[in-house]
Each structure stands twice: as C-alpha cells, then as structure tokens.
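Below, each chain spelled out in residue letters.
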Amino acid sequence: MKRIAILGSTGSIGTQALEVIRANPEQFTLEVITAHSNADLLVQQALEFRPNTVVIAREDLYEQVQQALQHENIKVYAGANALCAVVEMGTVDMVLTAMVGYAGLQPTIRAIRAGKQIALANKETLVVAGQLITELARAHGVNIYPVDSEHSAIFQCLAGEFHNPIEKIILTASGGPFRGHTARELALVTKTQALKHPNWDMGAKITIDSASLMNKGLEVIEAKWLFGLRNDQIEVVVHPQSIIHSLVQFEDGSIKAQLGLPDMKLPIQYALGYPQRLKSDFPRFSFLDYPQLTFEQPDLDTFGNLQLAFRAMEQGGNMPCILNAANEVAVAAFLRDEVGFLQMSEVIESCMTKVTYIANPSFEDYVDTDREARTRAAELISK
C-alpha cells in the first residue's frame, strides 16, 4: 500500500490522480491533499477520501475548510509554509506535485530533502532549477517519476534499456489549435479560441502554453534534466493525432515509441504504481481508428516561444527561470485580455534580454530571478 500526497488535488492532474486512486484502493491510500483556492472541491475530496491532512494555500479560506471538516478526523492547515511542511510527514511515501508553475518548486525541494519519492507533474520545477533538483535527488536517493505524457513515454521506452546510451529523444507535440496558422492570424487569436485544445483536456495555463508551443519548450528543458541529456539530443516533432507520445533513438539507430490514446490517467497511474503496470479500464487504442499518423517540423518562426525555450536551455544558468517567470506573467495577462497572443513572446524575449543573468545560480538566486523577471514582465505589460 503506497501512501500518497497530492499537491494540487483540485486541478486537472490532481482530479485525474484521484480517479486512479479511487480505482485502485488496494494499491494506494491518500494521506494529503492540497489546493490553492478551490475550497469547495477540496472539501468534497476530503469527505470522500478521508486523508490524514488537507491544506488550503490561501489563508483567507482556512476557516471555510476548517468548519466544513470540523467533525471529521482530518487535520486542516493553510498557507505556503503548511504546503512545505506536510510533504515531510512520516506517513507519506510519494508526493505527486500537480501544482501549476513556480509555486511547486519549494514544496518539491522539501519533499526531496525528506526522502519522499516524487511523481512530477510540475514541469516548472525542473525548468527553473533543474540542476539543483537533480543533484538534490541524487544526494537523497530520491527517484523522480515523470507524469507528463511525453516524459512518461520516454521513461517507458527506457525500461530495460538503462545501460544502453541514448542517441536522442524525440518529443511529440500536437501543434495545438493553431497549427498551420500564420503570424497575422495568430495576432487575432482570442482567449476563447486558445483555450480549445484539439486533443487534451487541461487547465487554462497549460492549455495556453500548449497553444503557443511554450509547453513543449518547457518540456524540452524538463527532459534535459530528467534524462541527463545534452541539448543537442532533444528534438521536437509535430504529431497532430497525439497517439505517439514520444520516442527514444538508441546508438544502434533503433527507435522505441510509446503509443496510446491521449489520456493523462495512464502516465499518472504508471508513475504512482511504478514498477508495476496496474490493470486499468482505460479506453484502448486501435490502429484501425487512426489509419494515418502524420509528422511535421514545428514552425519556430511563427511560434517563437519554442525557439525561446531552446535558447534559454542553451544559455543555461538562470535563463530558464527567467523564461518561466515571464511566461507565467504573460499567460496570466493574456487570460485577463491585457495582451495579445503574439505579445506574450515579446514580453518573454524582452525579459530574457533585460533580467540579470547568472551562470551558476544558487536557490536564493532563483528566488531573486523569479521576482525580478515577474516585475519586469508586469512593467512591460502595463506600458
């Protein structure tokens, strides 16, 4: 019985993870769930799964959650410090980090230092501080199991191949809702259009990132650290059907791919249950339903965010942290209708030019960089 803590249980990944736990009561028990502000859903989840502890990040919502659970044998806490403290609980074996954005970094660090195994859905943790996180995980004997479908695919392809050197990996991208659009067409894109992903059902921030191809850029940086790759060992190919989730090419030229219908519950279950493949009733893929699987090069000129991510990875240091912070601010502004679709890339590129670059950052440097980049991005947006 594996005891699980879910950071971000009310989001897209968190709710699907609870579906996996609900379907496998003999495999998993839920110890901790947390949410940022969705107090109502957090309470519903707590009443169903009866975890040891719940945390609401927004302290002004503590009383609402506490009163709703006051007659239950469930501990209730609030605030960022509580988020970090609960991952260290002795009753937790694995922490699923399903929070969105930079906010997931500090709790993940605390969980690693406490020796907890990590199921990583918060790609920003490795984007912002990949070297720090991977070195910390090695030092504490902690495994990081990828939950992103692409990185899960690579991890699955590497099963039994860990002693065989990788020549390269190929991350697949759906291309999002605007594949094939020109820059002129993208300039007119609305929030409503951008939130309609053709294949995946995700939260708003990740959906916008997917539409701009920034999500794929973040995944490129994440893959570098997860699998110990050189920058030139990572490629991106657009695969509109989202059936092949990624591929690994070995030094003999052979390529392995992982296929399946686009359903995040499969990589979530694989990460939580590893090394077992747990039986599931997920829909099965049939080649006859997809007689054509197609591939094309990403348009880096039109979708500049992916190019910016490759550039940030090449520069290293705190540049990916700058990229991530500026992107989070730009996406939030786009969702508030304060900037246009293409302006997001302009804000990010400007921050990468203007924010202080540090070649060998410490954790404190990442904190300062994140703050500086957010301030700069907000100033650019307000002009």
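Before reading on, note that the structure itself is shown above.
Here the structure is a predicted model, which is why all the values come from computation and not from measurement.

1. Observations concerning the overall build of the chain
Link 1 in the chain: Along the chain, the regular secondary structure elements total 16 helices and 11 strands.
Link 2 in the chain: Against the compact-globule benchmark of 21 Å for 383 residues, the chain has a radius of gyration of 20 Å, which places it among compact chains.
Link 3 in the chain: With respect to the principal axes defined by its C-alpha atoms, the chain has extents near 55 × 50 × 40 Å.
Link 4 in the chain: By the burial criterion, 56% of the 383 residues in the chain qualify as buried.
Link 5 in the chain: When contacts within the chain are restricted to residue pairs at least 6 apart in sequence, those whose partners lie at least 24 apart make up 67%.
Link 6 in the chain: Per element, the accessible surface of the chain, about 16700 Å² overall, is 48% carbon and sulfur.
Link 7 in the chain: Where the 32 positive side-chain charges of the chain centre and where its 44 negative ones centre are 2 Å apart.

2. Considering the sheet that holds strand β6 (residues 117-120)
Link 1 in the chain: The 7 strands lie next to each other as β4-β3-β2-β1-β5-β6-β7, forming an open sheet whose pairing is parallel. With partners counted over all chains shown, the strands left at the sheet margins are β4 (75-78) and β7 (144-146), one partner each. Taken over all neighbouring pairs, the strand axes of this sheet differ in orientation by 20° on average, direction set aside.
Link 2 in the chain: Here strand β1 (residues 2-7) pairs with strand β5 (residues 94-97) via 4 bridges, running parallel. From the neighbouring strand, I6 faces β5, where its bridge partner is L96.

3. Digging into the packing of helix α5 (residues 105-113) against helix α6 (residues 124-139)
Link 1 in the chain: Their axes nearest at 11 Å, the elements α5 and α6 cross at an angle of 10°. With respect to each other, α5 and α6 are oriented roughly parallel. Between α5, through L105, T108, I109, I112 and R113, and α6, the contact on the second element is made entirely by T125, V128, A129, L132, I133, L136 and A137.
Link 2 in the chain: Residues of the contact of α5 with α6, tallied by class, amount to 9 nonpolar, 2 polar and 1 charged.

4. Overview of the environment of A111
Link 1 in the chain: Note that A111 resides in helix α5.
Link 2 in the chain: Separated by 26 residues in sequence, A111 and A137 place their C-alpha atoms 9.8 Å apart.
Link 3 in the chain: Beyond its immediate stretch of four places on either side in the chain, A111 contacts V87, V95, K116 and I118.

5. What to know about the packing of helix α13 (residues 304-315) against helix α15 (residues 343-354)
Link 1 in the chain: Contact geometry of α13 with α15 gives a least axis separation of 10 Å together with a crossing angle of 15°. Comparing the axis directions of α13 and α15 gives the class roughly parallel. Seen along the crossing, α13 lies across α15 with a hand that is left-handed. Contacts between α13 and α15 involve N305, L308, R311, A312 and Q315 on the former and, on the latter, S345, I348, E349 and M352.

6. Details of the pairing of strand β3 (residues 53-56)
Link 1 in the chain: Burial of the side chains of β3 extends over both faces: T53 and V55 are buried on one face and V54 and I56 on the other.
Link 2 in the chain: For the crossover that starts at strand β2 (residues 28-35), traverses helix α2 (residues 39-49) and ends in the parallel β3, the hand is right-handed.
Link 3 in the chain: Judged from the 4 bridges that link them, β3 and β4 form a sheet pairing that is parallel. Following the sheet pairing, V55 is matched in β4 by Y77.
Link 4 in the chain: Crossover handedness for the path β3 to helix α3 (residues 62-68) to β4: right-handed.

7. Considerations on α13
Link 1 in the chain: A rise of 1.5 Å per residue sets the reference length of α13, with its 12 residues, at 16 Å; its end C-alpha atoms lie 17 Å apart and thus fit the reference within 8%.
Link 2 in the chain: For α13, the complete set of buried residues consists of N305, L306, L308, A309, A312 and M313. End-on view of α13: buried residues confined to an arc of 160°, all on one side of the axis.
Link 3 in the chain: Packed against the buried residues of α13 are α10 (204-212), α11 (214-226), β9 (234-238), α14 (319-335) and α15.
Link 4 in the chain: Downstream of α13 by a residue or two, G316 has a phi angle that is positive, lying close to 65°.

8. A short note on the sheet that holds strand β11 (residues 255-259)
Link 1 in the chain: What the 4 strands build is an open sheet, ordered β9-β8-β10-β11; its pairing is mixed. The outermost strands of the open sheet, each flanked by one partner alone, are β9 and β11. Across the sheet, the mean angle from the axis of one strand to that of its neighbour is 20°, orientation sign disregarded.
Link 2 in the chain: Across 5 bridges, the pairing between strand β8 (residues 166-173) and strand β10 (residues 244-250) is antiparallel. Paired with I170 across the strands is L247, a residue of β10.

9. A short note on the side chain of T108
Link 1 in the chain: By the element assignment, T108 lies in helix α5.
Link 2 in the chain: Contact partners of T108, with chain neighbours within four places excluded, come to T97, I118 and T125.

10. Description of the pattern of salt bridges
Link 1 in the chain: In the structure shown here, the tally under the stated rule is 22 salt bridges.
Link 2 in the chain: Close ionic contact of R22 with E48 constitutes a salt bridge, the shortest N to O distance being 2.7 Å. One end of the pair, R22, is in helix α1 (residues 12-23); the other, E48, is in helix α2, and 26 residues separate them in sequence.
Link 3 in the chain: Note on R22: relative accessible area 43%, which makes it partly exposed.
Link 4 in the chain: Judged by its relative accessible area of 45%, E48 is partly exposed.
Link 5 in the chain: A salt bridge links D232 to R230, with the nearest nitrogen and oxygen atoms 3.0 Å apart.
Link 6 in the chain: Overall, the relative accessible area of 58% leaves D232 in the exposed class.
Link 7 in the chain: Each of E19, D263 and K265 takes part in salt bridges that share partners, so that together they form one network.

Each value, and the rule that gives it
- Chains are numbered independently. Their residues run from 1 in the order of the written sequence.
- At least 70 in pLDDT is required for a residue's local features to be given in this predicted model, at least 80 for side-chain atom pairs to be given and counted, and no such filter applies to totals for whole chains, interfaces and linings, which use all residues.
- Based on all heavy atoms of the structure, the side-chain values leave hydrogens and waters out of the count.
- Numbering of helices and strands runs from the N terminus, with a helix taken as a DSSP run of H or I at least four residues long and a strand as a DSSP run of E at least two residues long.
- Atoms considered for the radius of gyration are the C-alpha atoms alone. The globule rule reads 2.2 Å times the number of residues to the power 0.38.
- We call a residue buried when its accessible area falls under 20% of the maximum for its residue type, exposed when it is over 50%, and partly exposed in between, using a 1.4 Å probe and counting protein chains only.
- What makes two residues a contact is simply this: any of their non-hydrogen atoms within 4.5 Å.
- Here the Shrake-Rupley method, with its probe set to 1.4 Å, supplies the accessible areas, and only the displayed protein chains count as covering residues.
- The convention is simple: Lys and Arg are positive, Asp and Glu are negative, and His and the chain ends are not counted.
- For the purpose of locating charges, the reference atoms are NZ of Lys, CZ of Arg, CG of Asp and CD of Glu.
- Whether two strands pair comes down to DSSP finding at least two bridges between them.
- Interaxial angles span 0 to 180 degrees and are taken between N-to-C directions of axes, which are lines fitted to C-alpha atoms, for helices over the stretch in contact.
- When an angle is under 35 degrees it counts as roughly parallel; over 145 it counts as roughly antiparallel; between 65 and 115 it counts as roughly perpendicular; any other value is oblique.
- Following the grouping adopted for this structure description, the nonpolar residues are Ala, Val, Leu, Ile, Met, Phe, Trp, Tyr, Cys and Pro, the charged ones are Asp, Glu, Lys and Arg, and the polar ones are all others, Gly among them.
- For a crossing to be left-handed, the near helix must be turned anticlockwise from the far one by less than a right angle; the clockwise case is right-handed.
- The handedness rule is simple: strands pointing away from the viewer, and a clockwise path from the first strand over the helix to the second, make the crossover right-handed.
- Helix span is expected to be 1.5 Å times the residue number reduced by one.
- Think of the arc as the fan of directions from the helix axis to the C-beta atoms.
- Between Lys or Arg on one side and Asp or Glu on the other, a salt bridge is scored when a side-chain nitrogen of the former is within 4 Å of a carboxyl oxygen of the latter.

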